[in-house]
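Chain residues, written in single-letter form:
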Amino acid sequence: MIEIITGNLRIAIVDDVAIQAEYLKSMVNTYVSPGIEVVAFTDPNEALEEIKQGKFFAVFTDIHMDAMMGDDLVRAVNKMNLGVQTYVLTGDDGFITALNCFRLGCRNIFVKPPKNKKIQAAIQNIENDFQQWRQTFADIQARKKKAAG
C-alpha cells in the first residue's frame, strides 16, 4: 500500500498468452502519461504476489487463463483490500463470467481485441483516480502537519 502512496502509478497486465500480454501492454503504453510503468505478467500467481506488495494501482486481466480464471484473479485482488482497480478482457461472449466480474467490482470489461478509444478512456480514468487518491492523501498529511505544528 505504501508504494501506491509514495511511488508512481503502475499498471499490471495479466494474460497467460505472452503475445497478447505484450500487445495490451503496448496499447496501454500508448495512452499512459510519462512516468507511468506498465508491467506484463503471463503467470497470474506471480502477478498476485507483486500486487499483494502494493505495487499496482490497476490491473487488466484476461478472463480465460490456464492457471487461474480472470474472475478468480479479481476476487483474489479484492481480498487484498488495497483498493486496486480491475479491468477484464475476454475473447468470447461469456455473459455469466462478465456479470461475475462486474459483481466483484470490476471497473470495465473489454471484448478482445479491445478498441483503442475504450482503453484510452480507461487509462484516463485510472490516471484521474490515482491523482485524486494521491491529492487526498497529501491533504490529510498537510492537515496532520498543521495540527501538530
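Before going into details, it helps to say that this report is about the structure given with it. A quick note: this is a predicted structure, and the numbers were derived from the prediction, not measured.

Overview of the state of the cysteines
Counted according to the given criterion, the structure contains 0 disulfides. For the unlinked cysteine Cys101, the closest cysteine sulfur is that of Cys106, found at 5.4 Å. Cys101 gets classed as buried once you look at its relative accessible area, which sits at 0%.

Structural notes on the environment of Ile11
Tracing the sequence through the fold places Ile11 in strand 1 (residues 10-14). Among the residues examined, Ile11 registers a relative accessible area of 1% and is labelled buried. Separated by 18 residues in the primary sequence, Ile11 and Asn29 have C-alpha atoms spaced 9.7 Å apart.

Some details on the environment of Ala47
You can see Ala47 is positioned in helix 3 (residues 44-52). Judged by its relative accessible area of 0%, Ala47 falls in the buried class. Separated by 33 residues in the primary sequence, Ala47 and Val14 have C-alpha atoms spaced 7.0 Å apart. The contact partners of Ala47, leaving out residues within four places of it in the chain, are Val14 and Phe41.

Quick notes on the pairing of strand 2 (residues 37-41)
The two faces of a sheet get side chains in turn, since along a regular strand they alternate between them. The sheet contact formed by strand 1 and strand 2 spans 5 bridges and is parallel. Note on strand 2: the bridge partner recorded for Arg10 is Glu37. For the crossover that starts at strand 1, traverses helix 2 (residues 18-31) and ends in the parallel strand 2, the hand is right-handed.

So, the pairing of strand 4 (residues 85-90)
Burial runs high along strand 4: 6 of the 6 residues are buried. Alternating positions in strand 4 separate into two faces, Gln85, Tyr87 and Leu89 on one and Thr86, Val88 and Thr90 on the other, with burial throughout. Examined bridge by bridge, strand 4 and strand 5 (residues 108-111) share 4 bridges and lie parallel to one another. Bridge pairing in strand 5 places Thr90 opposite Val111.

Description of unusual backbone geometry
Cis geometry is adopted by the peptide bond preceding Pro113, which originates at Lys112 and carries an omega value of -10 degrees. Here Pro113 lies in the loop between strand 5 and helix 6 (116-148). Here the phi dihedral of Asn81 falls at roughly 55 degrees; this positive angle occurs in a residue that is not glycine. Residue placement: Asn81 occurs in the loop between helix 4 (70-79) and strand 4. Its relative accessible area of 64% is what places Asn81 among the exposed residues.

The rules behind each value
- Each chain has its residues counted from 1, following the order in which its sequence is written.
- Under the rules for a predicted model, residues below a pLDDT of 70 receive no local features and side-chain atom pairs below 80 are neither given nor counted, while totals for whole chains, interfaces and linings still include all residues.
- Side-chain calculation: all heavy atoms of the structure are included, whereas hydrogens and water are not.
- Cysteine sulfur atoms that come within 2.5 Å of each other are treated as a disulfide pair.
- Burial classification: accessible surface area is computed with a 1.4 Å probe over protein chains only, and a residue below 20% of its type maximum counts as buried, one above 50% as exposed, and the rest as partly exposed.
- Only DSSP runs of H or I covering at least 4 residues are called helices, and only runs of E covering at least 2 are called strands; the numbering of each starts at the N terminus.
- Between two residues, a contact is recorded if the distance between any of their heavy atoms is within 4.5 Å.
- Whether two strands pair depends on DSSP finding at least two bridges between them.
- Looking down the strands as they point away from you, a crossover is right-handed if its path from the first strand over the helix to the second goes clockwise.

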